[in-house]
Amino acid sequence: MQRALKLEPEKCTGCLQCELACSYENEGVFNPSKSRIRVFTFHYEGRFAPYTCTQCDEAWCMQACPVDAIVLNRQTGSKDVLADTCVGCKVCTIACPFGTVNYDADSGKVIKCDLCGGDPACAKACPTEAITWVDVEQHGLDRMRAWAAQGVDPARPQPSV
Amino acid sequence: MGWTRKVLRVDLQARTCTEEPLNMEWANDYLGQRGLASKYLAEEIDPKVDPLSPGNKMIMVTGPLTGTMASTGGRYSVVTKSPLTGAIACSNSGGFIGAEIKNAGWDMIIFEGKASSPVYLYLENDKAELVAADDLWGKSVWETDQLLHGKHQDPKLRIACVGRSAEAGCLYASIVNDLHRAAGRSGVGTVMASKNLKAVAVRGTKGVSGIKDPKRFMQSTQDGKKVLKEHAVTGQGLPTFGTQVLMNVINEVGAMPTRNMRDVKFEGAHKISAEAMAEKRESDNRANLVTNAACFGCTIACGRISVMDQGHFTIENKPQYWGASGGLEYESAWALGSDTGIDDLETLTYANYLCNEDGMDPISFGATVAAAMELYETGAIDDTITGGVKFNFGSSEALAKAAEMTAIGEGFGKDLGLGSKRLCEKYGRPELSMTVKGQEFPAYDPRGIQGMGLTYATSNRGACHLRSYTVSAEVLGLPEKHDPLTTEGKPALVKIFQDLTAAVDSSGLCVFTTFAWGLEDIAPQIDSACEGEWTAERLLEVGERIWNLERRFNNQAGFTSADDTLPPRFFKEKANTGPAEGKISGLAEMLPEYYDLRGWTPEGVPSNETLQRLKL
């Protein structure tokens, strides 16, 4: 089963545990400014939203890279940056429509989410399940169930059938 | 290693920023944050110094776990000599600026002297500079935040600043960071403004590294998070209801100080409680509470984000208050509400916004308004003093007007900015001030929760619940239940809570974790991060050392055992209803035993043996 990160902003409290976990996993330092996942705060709406690479199938960053430094990880579906190959030209940062590939001035390379090789640290660190690691084909299942369950007593436990 | 081992010394007079190494000997004895900065302050200033003179210093300080992945590891403190109390002050805040200072590579920033004209400190990693702030002077916290973000074109900039109340000399001005978190108590913002320092703007991209034993640190912090999640208070109560979970609980035990502490139960508590915040308003079909919010690294997330009814009389034509912002916590809801007898949730939210917008401690502000209301109702002040505002208990109009006037130091707001003690003295009724050492009481009546009477009387920063929160044991039964109505066993309880809290306040962690965490949960997190061996016993000893250091500072500043007392009301007027009905505070029974347990003389002075034992 291929998995993907599922982000649910309405559950996010803005604590940044995901950013800390990501930077620690990837850089060995607690440093939100090195995190591949970022939490955005919308003060006047009282809203927090985690955001990171969604691993496009037709990945524009990968297409745009002139030195083939971004490659598909066939196991996880992630698009990984080969740091040794990356020349820091930043074309991928222009190509990505979502802004989730970014240049790291310290290394002179770009950094992006690689799903931690299939065991994402952010999802493990999130205290409110605003970030979960789920079956990529069942992303909408909870929402579908919520719509389907109209009129059902939510307090009544249901058998899994 | 936890510490960055770097201190930034900012000489405002000379306008220089100098790096110096952290005194590691002191770090070993005082850990960080509250303890370490108190040591620096005690070593560097004369305890008798005028708090608002250039001779006072102000220290912004992080703890060794600030900026790490430990849950709640984002705290920072401001340590200085308080203009409200004349005692040593340490105000603790969450939000994000503490971690940002650490990420920029600094354990603490020491501000000394006074700038000849307004400045702000801009700190970007190693780069530190004082920048002219003439354009920011006269602006609110919220305006200052916006202007600095605009000027530096950096959305990630973290800002702590003072508002107009501090500039106007309000003695309980706070330092607000991240718009609605604050180093709130004891007038630390007043000191900052007295130095012509408007703001501290920080951007740190270095991160926190050098953890002593990373694997064990990740495991112990993970274990800690599990404990918090599974605990009823930190896992459910606080995230769902915030600290406001206490409103109905404390009211039921008859320890809800009401109408300047004349009463111990507030009939309107249910209208200003956490439950009320979550209920949809009839007027606009929206709830006051939008969501809960976390400070840096916090897996509890007790913060409240609120939205007001746009049609409410306080904000009808003021769209700047129509968006979501920091909402009421228990202390602010109590001080602005029960203590003033006001049960209108929207007015309280408005007053709380103003406290954030212009940097006022809502506890001291609310309690001072409550004192003004009693002065007004007993005829000590009248409309000519209040500028025509009817300061009756229960008046929403009076509270709203009071907040607006105090925020800018205008009219009667200038008097209100003096705090309850000076206000009541000025108008000839000092006994109506509900303060200890000049600082206003928080939200627990010492007749209904006896341990809190001793807590307030002996607190090193004046009346305060956060120096030893025995409510935890006396009401919530954590870690074990103590009868709130007796004085028996309270001196020992208060002592251990004081020492434990002083250690936690020095670590970078939030004291709210201690609802669920004992030292056996905290020590491994510190031990795996910091050099040396950090056991529970050592942390308690550090806490005791900090307590005695603060006490000695206060004694040298001129405080004596005569100041370890409560307002006469709590010895003369019996609780008038509820479980504590007929009770007064039994402070006199507790104090001698407390001094004895502390190893202090009957005059409340740490004995030579105690000082030697604690390496003081």
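Here is what the cut-offs are and how they apply
- Residues numbered from 1 in each chain as written.
- Chains lettered and ligands numbered in written order.
- Predicted model: local features only at pLDDT ≥ 70, side-chain atom pairs only at ≥ 80, totals over all residues.
- Heavy atoms only, no water.
- Helix = DSSP H or I, 4+ residues; strand = E, 2+ residues; numbered from the N terminus.
- Buried < 20%, exposed > 50% of the residue type's maximum accessible area, 1.4 Å probe, protein only.
- Rg over C-alpha atoms; globule rule 2.2 N^0.38 Å.
- Contact = heavy atoms within 4.5 Å.
- Areas by Shrake-Rupley, 256 points an atom, 1.4 Å probe, with all protein chains shown as cover.
- Buried area = accessible area lost by both parts, 1.4 Å probe.
- Salt bridge = Lys/Arg side-chain N within 4 Å of Asp/Glu carboxyl O.
- Polar contact = N/O pair within 3.5 Å; in protein donor to acceptor, adjacent residues only side chain to side chain.
- Nonpolar A, V, L, I, M, F, W, Y, C, P; charged D, E, K, R; others polar.
- Phe/Tyr/Trp six-rings, centres within 6.5 Å; stacked < 30°, edge-to-face > 60°.
- Lys NZ or Arg CZ within 6 Å of the ring centre and 35° of its normal.
- Core = buried A, V, L, I, M, F, W, Y, C linked by side-chain atoms within 4.5 Å.

Asks: Would you mind showing me how to read the overall build of chain A here?
Replies: Looking only at helices and strands, chain A features five helices and eight strands. Across chain A, helices and strands are ordered from the amino to the carboxyl terminus as β-α-β-β-α-β-β-α-β-β-α-β-α. Overall, the C-alpha framework of chain A stretches about 55 × 35 × 25 Å when taken along its three principal axes. Counting across all 161 residues of chain A, residues that qualify as buried make up 42%.

Asks: How do you make sense of the overall build of chain B when you look at a structure like this?
Replies: The helix and strand tally for chain B stands at 25 helices and 17 strands. Here the C-alpha radius of gyration of chain B, 22 Å, is about what a compact globule of 616 residues would show, namely 25 Å. With respect to the three principal axes, the spread of C-alpha positions in chain B is 60 × 55 × 45 Å. Residues counted as buried form 67% of the 616 residues belonging to chain B. The long-range fraction of contacts in chain B, counting pairs at least 24 apart against all pairs at least 6 apart in sequence, stands at 69%. As displayed, chain B has an accessible area near 19300 Å², and 51% of this comes from carbon and sulfur atoms.

Asks: Even after reading the chapter, I still don't get the interface of chain B and chain A, so can you show me in this structure?
Replies: Accessible area lost when the parts come together is the quantity often used to give the size of an interface. With 39 residues of chain B at the interface, the matching set in chain A holds 23 residues. Taken together, the two surfaces of chain B and chain A that pack against each other cover about 2200 Å², and 59% of this comes from carbon and sulfur. At the boundary of chain B and chain A, one finds zero salt bridges. Taken together, the connections running from chain B to chain A amount to twelve residue pairs in polar contact (both at pLDDT 80 or more). Sorting elements by how many residues they give to the side of chain B that touches chain A places helix α7 (residues 214–230) of chain B first, with five residues. Among the residues making up the side of chain B that touches chain A, the classes are represented as 18 nonpolar, 15 polar and six charged.

Asks: Hey, could you run me through the packing of aromatic side chains in this one?
Replies: What characterises a pair of aromatic rings is the spacing of the ring centres plus the angle enclosed by the ring planes. All chains considered together, the criterion is met by 18 aromatic pairs over all chains. Summarising the aromatic geometry, the rings of Tyr321 of chain B and Tyr350 of chain B are spaced 5.6 Å apart at their centres and angled 85° between planes, so their arrangement reads as edge-to-face. Here Tyr321 of chain B, found in the loop between β14 (303–306) and β15 (325–326), pairs with Tyr350 of chain B, found in helix α12 (residues 345–357); they are 29 residues apart in sequence, far enough to count as distant. The two residues Tyr321 of chain B and Tyr350 of chain B agree in class, both being buried. Taking 4.7 Å as the distance between ring centres and 65° as the angle between the ring planes, the aromatic pair formed by Phe441 of chain B and Tyr456 of chain B counts as edge-to-face. You can see Phe441 of chain B sitting in the loop between β17 (439–440) and α18 (450–458) and its partner Tyr456 of chain B sitting in helix α18, a full 15 residues away along the chain. One exposure class covers both Phe441 of chain B and Tyr456 of chain B, and it is buried. Looking at Lys90 of chain A, its charged tip hangs above the ring of Tyr103 of chain A, at a distance of 4.4 Å from the centre. Over the ring of Trp534 of chain B we find Arg538 of chain B, and its NZ or CZ is 3.5 Å from the ring centre.

Asks: Would you explain the pattern of salt bridges in this entry?
Replies: When charged atoms on two side chains of opposite charge get close, those side chains can pair. All names here are of chain B. If you walk through the whole model with that rule in mind, you get 54 salt bridges over all chains. The salt bridge involving Arg185 is made with Asp361; its shortest N-O contact spans 2.9 Å. With Arg185 in the loop between β11 (181–183) and α6 (188–194) and Asp361 in the loop between α12 and α13 (362–377), this residue pair connects regions lying 176 residues apart in the sequence. There is no split in this pair, since Arg185 and Asp361 are both buried. Residue Glu267 pairs with Arg259 through a salt bridge whose shortest N-O separation is 3.0 Å. Using a relative accessible area of 52% as the deciding quantity, one classes Glu267 as exposed. Judged by relative accessible area, which is 15%, Arg259 ranks as buried. Among the charged side chains, a network of salt bridges with common partners joins Arg9, Glu20, Glu44, Lys57 and Glu112.

Asks: So what exactly am I meant to see when it comes to unusual backbone geometry here?
Replies: A negative phi holds for most residues other than glycine; trans holds for most peptide bonds. Residue Pro479 of chain B is reached from Leu478 of chain B by a cis peptide bond, and omega for that bond is -5°. Mapped onto the fold, Pro479 of chain B is located in the loop between α19 (471–474) and α20 (490–504). Residue Glu129 of chain A is not a glycine yet carries a positive backbone phi of 60°. Notably, Asp178 of chain B is not glycine yet its phi reads approximately 50°, a positive angle. Turning to its location among the elements, Asp178 of chain B is positioned in the loop between β10 (175–177) and β11.

Asks: Before we go on, may I ask you to explain the nonpolar core in this structure?
Replies: What tends to happen in soluble globular proteins is that the nonpolar side chains get buried as a cluster. Residues and elements named next belong to chain B. If you look at the biggest cluster of nonpolar residues, it comprises 183 residues, and the most contacted ones within it are Phe365, Phe391 and Tyr444. Top contributing element to this core by residue count: α13, with eight residues. Look past the residues within four positions of Phe365 in its chain and what remains in contact with it is Tyr172, Leu336, Cys355, Met360, Leu399, Ala402, Ala403 and Thr406.

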